Every structure is written in C-alpha cells, then in structure tokens.
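Coordinate analysis (summary)
Here are the chains, one letter per residue:
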Amino acid sequence: MNKICLGTVFLFAFLASCTAEENLDDLLENGENPQVSVDRKEQSIEKSDYHILVIGNSLSRDAFSYVPAIMDDVFKSKKFNVDILYRGNKALSDHWNSISNEISDQTIDTYDNDNSKWQTNTKVLAKDIITSKKWDLVVLQEGSRTARSYDLTKRSVHDIANYIRVIHPDVSIAFMI
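Everything in this summary refers to the structure shown in the same document. (Residues numbered from 1 in each chain as written. Predicted model: local features only at pLDDT ≥ 70, side-chain atom pairs only at ≥ 80, totals over all residues. Heavy atoms only, no water.)

Re the packing of aromatic side chains
- Counted according to the given criterion, the structure contains three aromatic pairs.
- Between Trp96 and Tyr163, the aromatic rings sit 6.0 Å apart at their centres with planes inclined by 70 degrees, giving edge-to-face as the arrangement. Of this pair, Trp96 sits in helix H5 (residues 92-100) while Tyr163 sits in helix H7 (residues 150-167), and the two are 67 residues apart along the sequence.
- A relative accessible area of 23% places Trp96 in the partly exposed class.
- The rings of Phe80, Tyr111 and Trp118 are connected pair by pair, giving a single aromatic cluster. (Phe/Tyr/Trp six-rings, centres within 6.5 Å; stacked < 30°, edge-to-face > 60°. Helix = DSSP H or I, 4+ residues; strand = E, 2+ residues; numbered from the N terminus. Buried < 20%, exposed > 50% of the residue type's maximum accessible area, 1.4 Å probe, protein only.)

Now the structure itself:
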C-alpha cells in the first residue's frame, strides 16, 4: 500500500514540476512514447478550489483513491474534488467510444473535501461528467491491455484531449501509461 501512495505522490510531484514546453500535442504528432506527459497551463497558487478528473480503468480508481489524503496536506483549507471516471479493464479507446456515441456505461467516484468521503454513481454518461465542472487537471490513464502499444493509444488520447479542450480550453492534461 505504501508503494501505491508513494507512486501517487511522485505523479503529483512530477505534474507540479512540469513546464508548458512539454506539450501533449507535440508528443502525439512526433509519435514519442512517454511514460507520463503533461500539457500544463499556469495555475494560480491563490486559486480557491481545484477540480481533478481522472479518466481510466480500475487501476486509476485504485491509484487515485489516495490523492485526497495527499491534497488535504497540500491544499490545507482549499476546496478541491477528485472525480475518477472509469470502466474496469478498459482502454482509452473504450472511453472515446462511450464519449463519441453517448453511451452511459461509466462509473464515477467523486471525492469532495467538504464532505470528506467518496460517492459512487454508475451508468453515467462521460459527456455529462466532462461538462459538469471547470476542470483544472484531467488525467488520462491507458488500460493495461493496450499500454505497451503507443500506436493503439495515441489516437484515443488525441481524440479525448481535443474533445475536453473544446469544452475547457485552459485545462491541463496529463497522460499516464
């Protein structure tokens, strides 16, 4: 369990240290195969609330369930929420199919530090979740069955990232394999 928590701390430390030069579109166009890549816009440290959306599978749900405890320490009295939109054993191409065809087959786990607890809803429409808040950070996590083939992954990452950017042009997007 400590390894998972430390891995999550590492991810957020990495995201916090990235610069705008590390652009997801450039990586996709150049066909690079990064472990983690980030398109980061400047965020105000004085921001009063912070919204994170994770789109992935059950591995995302497991890894990011530790994030609220970490964020409580980092943000202190700031308001934040973490939403994990997932389908077990699925790839980003499955998420894109659900988004583009408006299929209600996703599960969302939501943590709001006002309530300090997780809430789960099933059979949700991904489009509704994506448009429900002004997201500051969206993390896209590829499923394990396609993670080794970046050629299979990059089209879905590009489609989902572009879809989200139309709605939220200032969002930071991270990609995890």
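Notes on the environment of Pro68
- Structurally, Pro68 can be placed in helix H4 (residues 67-75).
- Taking the C-alpha atoms as reference points, Pro68 and Asp112, separated by 44 residues in sequence, lie 8.5 Å from one another.

Here's the deal with the pairing of strand S3 (residues 79-86)
- Counting buried residues in S3 gives seven out of eight residues, a clear majority hidden from the surface.
- One ladder, built from eight bridges, connects strand S2 (residues 49-56) with S3; its direction is parallel. Each residue of the ladder has a partner; that of Ile52, found in S3, is Val82.
- As paired strands, S3 and strand S4 (residues 106-112) are joined by six bridges and run antiparallel to one another. Counted as the bridge partner of Tyr86 is Thr107 from S4. (Pairing = 2+ DSSP bridges.)

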